[in-house]
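# Understanding the architecture of this molecule
Residues per chain are reported as follows:
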Amino acid sequence: MSTDTTRKLCIAAAVRRALGTSAVVSMLAGLSLSGTAAAPGPRADADANAAFPPVIELASLLPFTGGDGSAGFVVSGSSLDTDGFLSAVPAHSDFNGDGIDDLILPSGRDKFVLFGDSSGFPPFLSVDALRPAAGGDGSRGFVIIDPSEGGNQRSVIASAGDVNADGIDDVIIGNRRGEDGDIAPGVAYVLYGRSDGFPAEIDLASLSAEGGGDGSTGFELVGVEDLASTGTAVSGVGDMNGDGIDDFVVGASDESVEGSSRGVAYVVYGRAEGFPIRFELGTLRADNGGDGSEGLVIEGTNDLDRAGSRVGPAGDINGDGLQDLIIDITGFLSPGPTAVVFGRRNLPARLPLRSLNGANGFTVREGNLIDGVTVVKGGDINGDSLDDLIVGEPFAYVGNLRRGSAYVLFGKVEPFEPAFSITFLTGERGGDGSEGYRLAGNGYNELAGSGIGAADVNGDGLQDVIVGIPRVDVRDNVDAGRVYVLYGRTERTGPDIPLFRLLPVQGGDGSEGFSASGIAEDDETVGVGGVGDINGDGIEDFAFAATEANRFGREDVGQVYVLFGRLPTP
């Protein structure tokens with residue numbers, strides 16, 4: 001046996017201890033007896049000038065198969081967090097002011113921030129390396145400790161943008177149960193970015209007045225009523241009201257409106273003068289004296305709408321120079337549509353979602369009116385200088401089978417229909433590709449359209465569409481998952497694009513995009529989206545997540561794959 005092969009088998013033993021046997025067994029299929037990895041090499045049928053080969057084996061990022069951190073790296077979930085489910089947050093945020101984007105990694109109870117680094121990353125790391133017990137000192141990132149009684153998986157995290165106008169991005173964390181457990185109104189925290197360094201661990205309780213906070217490092221936002229689920233969802237929005245400062249949103253999905261539990265989303269405007277240590281969201285409500293100068297209250301329409309259960313930025317999809325907002329209405333009994341609220345100057349204090357008329361916003365609905373959709377910011381995918389939306393409908397029927405789909409809905413300066421069904425983008429419903437298109441799944445019940453996002457991964461100035469299909473079998477690994485990346489393009493495409501046409505067996509050569517295959521059984525790998533330029537090479541990087549991945553001999557620890565963007569070969 002060669003020395004090189006012996007070395008790789010020693011590495012395999014180490015990876016087995018770190019990841020668990022099932023992951024290593026699946027990777028062994030890519031190792032030939034000569035000690036070389038079979039998967040990463042270029043294919044004979046690949047476009048030699050493409051930025052990426054038509055198929056990427058995510059296992060090739062690991063040191064066992066030759067991964068050295070140059071193409072990307074793998075982050076494993078915590079062996080200490082009993083709630084697991086590591087994922088990543090799509091963001092373009094620099095929290096430590098070094099000019100390089102950082103990576104947000106939510107797990108079950110604890111949340112992690114890994115700083116970007118132009119000097120590179122190891123091919124494999126665990127988030128536990130950021131903990132003080134493992135030598136973490138805050139120089140590579142930090143851990144956010146959630147003090148809430150209902151911490152676990154009820155806690156969410158996102159980039160808030162730069163809400164205090166100090167030139168550094170901030171972090172927002174929400175927990176719908178708060179520190180007092182199940183009957184509490186819920187709580188959210190904003191942690192300010194800083195250039196003078198972070199400690200290795202930050203307990204969110206330290207941001208409150210009771211925990212000794214003075215408002216200099218962040219602040220607490222509290223809900224209005226018990227069981228309001230304030231903090232169910234949180235996100236930065238960008239500048240929605242045109243004052244030049246980023247704004248953010250906090251969802252309270254079970255809050256009452258006029259006596260019924262419709263749900264509310266609070267848009268809080270950024271301010272250069274800073275925030276009080278304890279910000280009462282109820283002060284934004286018109287019935288409490290809110291006049292719209294500090295924020296906007298967006299209200300659900302019907303009882304049990306659960307408006308605000310998911311929130312996120314939409315970008316500027318109507319071309320007015322202001323950022324727009326996405327609000328999901330998940331519904332208690334059945335999901336409702338997703339609302340898009342347009343930013344504008346002089347927004348009112350109160351905006352009922354039933355008032356959306358196409359000029360101030362609109363709703364997006366799925367075709368079958370049963371399963372709901374997920375809508376995320378797509379950026380400019382078709383090169384018209386307007387941001388677009390990506391819509392995921394994992395339970396969509398394609399033909400007579402439930403295969404799942406994703407859709408791209410183009411931004412436009414003309415008014416939108418007040419209520420838009422995404423099925424009208426398809427050829428069978430009269431779509432011609434001018435307003436957007438469908439990306440159709442292939443296999444029955446594979447849930448195409450789960451885990452959607454966008455990033456300019458090949459540096460051409462257009463955002464590329466990322467679509468996850470978690471229930472795809474990869475070789476003998478059931479539900480390992482597969483992610484497709486379809487490049488943005490300025491020329492019009494048809495109304496329907498089958499995702500499988502990117503595969504080599506269907507003629508895919510990497511020129512239109514590529515796919516990436518999950519590693520192990522039941523990983524259910526999906527797309528996350530762009531994570532900014534975390535290695536400082538000037539090209540956007542992107543991430544996939546296997547939140548169900550079993551590692552360390554435990555279930556559902558989760559694993560994240562970060563791939564560096566790259567330019568096409570000259």
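In this report, the structure presented in the accompanying data block is examined. (Residues numbered from 1 in each chain as written. Predicted model: local features only at pLDDT ≥ 70, side-chain atom pairs only at ≥ 80, totals over all residues. Heavy atoms only, no water.)

## Points about the sheet that holds strand 4 (residues 111-114)
Hydrogen bonds between backbone groups are what pair the strands of a sheet, and the pairing can be parallel or antiparallel. Note the cut-off: Between any two strands, at least two bridges found by DSSP are needed for them to pair. Here a strand is any run of E in DSSP of at least two residues, a helix any run of H or I of at least four, and the numbering for each starts at the N terminus. Whenever a helix is involved, its axis is fitted only over the stretch in contact; in every case the axis is a line through C-alpha atoms, and angles between N-to-C directions fall within 0 to 180 degrees.
Within the open sheet, the 4 strands sit side by side as 3-4-6-10. Their pairing is mixed. Looking along the sheet, the strands with just one partner apiece sit at the ends: strand 3 (103-106) and strand 10 (201-203). In this sheet, adjacent strand axes meet at a mean angle of 20 degrees when their direction is disregarded. Where strand 4 meets strand 6 (residues 141-145), 4 bridges bridge the pair, whose relative direction is antiparallel. Along strand 6, the bridge assignment pairs valine 113 with phenylalanine 142.

## Quick notes on the pairing of strand 7 (residues 155-161)
Selection rule: Using a 1.4 Å probe on the protein chains alone, a residue whose accessible area is under 20% of its type maximum counts as buried, one over 50% counts as exposed, and one in between counts as partly exposed.
Of all 7 residues in strand 7, 6 are buried; the element is thus mostly enclosed. Pairing analysis gives 6 bridges linking strand 7 to strand 8 (residues 170-175), with the strands arranged antiparallel. The residue of strand 8 that forms the bridge with alanine 158 is isoleucine 172.

## Concerning the pattern of salt bridges
Selection criterion: In the sections that follow, a salt bridge refers to a side-chain nitrogen of Lys or Arg positioned within 4 Å of a carboxyl oxygen of Asp or Glu.
Applying the stated criterion to the full structure yields 21 salt bridges. A salt bridge links arginine 285 to aspartate 287; the shortest N-O distance between them is 3.4 Å. Residues participating in the shared-partner salt-bridge network are Glu258, Arg262, Glu299 and Arg350.

## Observations concerning a negative patch on the surface
Quick reminder of the rule: By definition, no residue in a patch forms a salt bridge, and every one has over 30% relative accessible area; like charges are joined within 9 Å, nonpolar side chains (Val, Leu, Ile, Met, Phe, Trp, Tyr) within 5 Å. Where accessible areas are quoted, they stem from the Shrake-Rupley method and a 1.4 Å probe; at the residue level, only the protein chains shown are allowed to cover. Under the convention used here, Asp and Glu are negative, Lys and Arg are positive, and both His and the chain ends fall outside the count. Charge placement uses NZ in Lys and CZ in Arg. For Asp and Glu, CG and CD serve respectively.
A cluster of acidic residues, Asp473, Glu521, Asp522 and Glu555, forms a negative patch on the protein surface. You can see glutamate 555 is positioned in the loop between strand 37 (541-546) and strand 38 (559-563).

## So, the sheet that holds strand 38
Reading across the sheet, the 5 strands line up as 5-2-38-37-36 and stay open at both edges, with mixed pairing between neighbours. Across the chains shown, the open sheet's two edge strands, defined by having one partner strand only, are strand 5 (124-126) and strand 36 (526-532). The sheet shows a mean angle of 25 degrees between the axes of neighbouring strands, taken without regard to direction. As paired strands, strand 2 (residues 72-76) and strand 5 are joined by 3 bridges and run parallel to one another. If you follow valine 75 over to strand 5, its bridge partner there is leucine 125.

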